[in-house]
Every structure is written in C-alpha cells, then in structure tokens.
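Residue-level structural notes
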Amino acid sequence: MTSAEIINKTIIFVKQTLVDAEGGHDWFHIERVYKNSLLIAKTEPVDEFIVSLAALLHDIADSKFHNGDETLGPKLAREFLFKLNVDSTVIEHVVNIIENISFKGGNETQKFKSPELDVVQDADRLDAIGAIGIARCFNYGGFKNRALFNPDIKPNLNMSKAEYKASNAPTINHFYEKLLLLKDRMNTPTGTKIAQDRHNYMLGFLDQFYNEWNGKK
C-alpha cells in the first residue's frame, strides 16, 4: 500500500470516528490541522508522511471526551496503523507525537521531541488561536455550560495538569490560561509568524468584548 493510499484510508477512518464529535474537535478541526501541518512542513526538514498521519490522528480520542483517558487516542492510532501494515518505526513516531502534542496546562515537560512533533504541534496550536480559536473556545464553553465571563473569577496562570483538566472557569479565562500563551510557544518560524497575526486578532476581540461588557461602546 502506498503512502497516499494509507493517508486516504486514515482520512476515511478519522471522518467516521469523529462523525458525532463536539464542533471544536470534529473532522473539520482535524482537516485544518492537517492542512496547516503540510503548509509548515514545506519549510521544515521533516518526514511529510509522519506529519500527515500524526496530524490526522492526533485527536482521534481526545481525553476531554473520554473521562480523561489519555491512553485511548494513542491506542486507537496504533491499532489502526498496525492493521494497515505501516512500518513499526513510523507507528511509534506517530504515537509519540499524539502522546506529547497537547498543552495540558503548559507546565508539563515533553517526554519526546522531533521536528515532526514541532510541526504538528504548531498546526494544532494555530487552530486554537485567531478567529477559529475564538469560535472553538466559546463552542466548547457552551458545550460544558460555562459562563462567558465572570469578573470575580480571575485566571489561574499556574495550574497543574490536573487543575487545568478539571477547570470549570468562565470561557474568557481560557484566553489567559492558554490561548494568549501559545504565540510564544511555537516551534517553527512559519508557525510563529502565523501565530503573531492570530494573537493580535484575539487581543482586538478581547478589547471589544470588555468594552461591550462594560457598556462603553
């Protein structure tokens, strides 16, 4: 089976698996991350096949929607790629990327590093900021029935991984606890450049939000 055939089968598998997923973590999120990964990969010395598979499978079973189980996504990815007879070194690399891609409060040390992880992680983070990042943030907040904003609940910038995963803070707090931090945590020059533009867009949104909240305009 060619690399192109494996990627096509992976796309079909991901679409089927995520057919009923929450709107910010559905197939269209995967597709955007996949496209951004390929865009960034053009400027980095990476294995595009590994980048493609990792981007497509990185959220196959997001722990947020599976009782916090961080082992299910890597397990499903490994089993799927094994059935396609993908080389074992490729499978291990893809699984390592899936296990190390997420933010997790920003205070966790990555146990694995590679140029391919850098690319996919940047692409995933780009989808968490800018206009789409804002839309995804409020979509998930609505899904969890969180308040839009509460001036009495301040952002927690020093959360542990467990605190981050258990947080039920207002959606606006998430900008300060994650989204506005991502610009300075990008790995690649291309990712960094795109992130700066999206970061600035979020700052403008927050200015407008507070003006409207406070009856200023």
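Below is a short write-up of the structure. Keep in mind it's a predicted model, so treat the numbers as computed, not measured.

For the pair helix 7 (residues 130-143) and helix 10 (residues 189-213), the least separation of the axes is 8 Å and the interaxial angle reads 55°. Taken together, the axis directions place helix 7 and helix 10 in an arrangement best described as oblique. Judged by residue contacts, Gly 130, Ala 131, Ile 134 and Phe 138 of helix 7 engage Arg 198, Tyr 201, Met 202 and Phe 205 from helix 10. Residue composition of the contact of helix 7 with helix 10, grouped by class: 6 nonpolar, 1 polar and 1 charged.

Compared with an ideal rise of 1.5 Å per residue, which puts 12 residues at 16 Å, helix 6 (residues 115-126) spans 17 Å between its outermost C-alpha atoms and is within 8% of the ideal. With 10 of 12 residues buried, helix 6 lies mostly within the body of the structure. Here helix 6 has its buried residues at Glu 116, Leu 117, Val 119, Val 120, Gln 121, Asp 122, Ala 123, Asp 124, Arg 125 and Leu 126. The elements touched by buried residues of helix 6 are helix 2 (27-41), helix 3 (48-57), helix 5 (88-100) and helix 10.

Tracing the chain through its elements places Ile 153 in the loop between helix 7 and helix 8 (161-166). Counting along the chain gives 14 residues from Ile 153 to Asn 139, while the straight-line C-alpha distance between them is 20 Å. For Ile 153, the contacting residues outside a window of four places in its chain are Pro 170 and Asn 173.

Rules behind the numbers
- Residues numbered from 1 in each chain as written.
- Predicted model: local features only at pLDDT ≥ 70, side-chain atom pairs only at ≥ 80, totals over all residues.
- Heavy atoms only, no water.
- Axes fitted to C-alpha atoms, helices over the stretch in contact; angles between N-to-C directions.
- Helix = DSSP H or I, 4+ residues; strand = E, 2+ residues; numbered from the N terminus.
- Parallel < 35°, antiparallel > 145°, perpendicular 65-115°, else oblique.
- Contact = heavy atoms within 4.5 Å.
- Nonpolar A, V, L, I, M, F, W, Y, C, P; charged D, E, K, R; others polar.
- Expected span 1.5 Å × (residues − 1).
- Buried < 20%, exposed > 50% of the residue type's maximum accessible area, 1.4 Å probe, protein only.

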